[in-house]
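Summary of the model geometry
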Amino acid sequence: MPLPTLRALARKMQSSGLNSLALDGKHWSVRLTFAATPATPAPATVPAAEIPSITQRIGAPMPGTLLRRHPHSQQDFVAPGQQIVAGEIVALVQVGPLYVPVISPDSGTVQSFAAEHSSAVEYDEDLLTFRSP
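Along every chain, residues carry numbers that run from 1 in the direction the sequence is written. Under the rules for a predicted model, residues below a pLDDT of 70 receive no local features and side-chain atom pairs below 80 are neither given nor counted, while totals for whole chains, interfaces and linings still include all residues. Heavy atoms from the whole structure form the basis of all side-chain values; hydrogens and water molecules are not counted.

**Details of the nonpolar core**
As a rule of thumb, soluble globular proteins bury nonpolar side chains together. What counts here: We call a set of buried Ala, Val, Leu, Ile, Met, Phe, Trp, Tyr and Cys residues a nonpolar core when their side-chain atoms join them within 4.5 Å. Exposure classes here rest on a 1.4 Å probe applied to the protein chains alone. A residue is buried below 20% of its type maximum, exposed above 50%, and partly exposed in between. In this text, helices come from DSSP runs of H or I with a minimum length of four residues, and strands from runs of E with a minimum of two, each type numbered from the N-terminal end. Here, two residues are considered to be in contact whenever any of their heavy atoms come within 4.5 Å of each other.
Ranked by internal contacts, the top residues of the largest apolar core, which has 16 residues, are Val78, Val90, Val102, Val121, Leu127 and Leu128. Elements with a minimum of two residues in this core: β6 (89-95), β8 (108-113) and β10 (126-132). Beyond its immediate sequence surroundings of up to four residues, Leu128 is in contact with Gln56, Arg57, Ile58, Val78, Val90, Ser112, Phe113 and Ala114.

The structure is reproduced here in structure tokens:
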């Protein structure tokens, strides 16, 4: 397994609270171990003006070639400074003849692209960052 893929898998495991993953063979067995989570008190309400914006990243859904615009268009899907909404297509990853959409998980403002148009990307490699309110 390529090193970037292993790193991405480790990040996903850590962010989900997954401590270990065991796979067996010969009639199979899968064991997942999650960290014990203490009961959390109800969050205090904070006025909207005091809630800080959060910088988020969008990673590549699979290895391929990043396309910041459709092959038949001259205009990028999004540009830095542009407002995006959850579910919006922000780029494509081309894998052979297949075009996989890169979807924004949340609304916000695009800050920057981490990869250039037509560049090769690995699974979960940073493609762009955006700030959500």
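On we go.
**Let's talk about the pattern of salt bridges**
What counts is decided by this rule: One side-chain nitrogen of Lys or Arg within 4 Å of one carboxyl oxygen of Asp or Glu is enough to make a salt bridge.
With the rule as written, the count across this model stands at four salt bridges. A salt bridge links Asp76 to Arg68, with the shortest nitrogen-to-oxygen separation between them at 3.6 Å. On the basis of relative accessible area, Asp76 is assigned to the partly exposed category, the value being 24%. Under the relative-accessibility criterion, Arg68 is labelled buried at 12%. For Asp76, the salt bridge goes to Arg69, with nearest N and O atoms at 2.7 Å. Accessibility expressed as a relative area gives 24% for Arg69, which makes it partly exposed. Salt bridges sharing partners connect three or more residues here, namely Arg57, Asp124 and Asp126.

**Things to note about the sheet that holds strand β9 (residues 120-121)**
Selection criterion: We treat two strands as partners when DSSP finds at least two bridges between them.
Strand order in the open sheet formed by four strands is β7-β6-β4-β9, and the pairing between neighbours is antiparallel. The outermost strands of the open sheet, each flanked by one partner alone, are β7 (98-103) and β9. The pairing of strand β4 (residues 64-67) with β6 spans three bridges and is antiparallel. Residue Thr65 lies in a different strand from β6, and its bridge partner there is Gln94.

**Examining the sheet that holds strand β5 (residues 83-84)**
Across a sheet, strands are paired by hydrogen bonds formed along the backbone, either parallel or antiparallel in direction. Strand order in this open sheet of four strands is β3-β10-β8-β5, and the pairing throughout is antiparallel. The sheet terminates laterally at β3 (54-59) and β5, the two strands that pair on one side only. With six bridges joining them, β3 and β10 adopt antiparallel strand pairing. Note that in β10 the partner of Gly59 across the bridge is Asp126.

Fair warning: the whole summary comes from geometry, so function is off the table for now.
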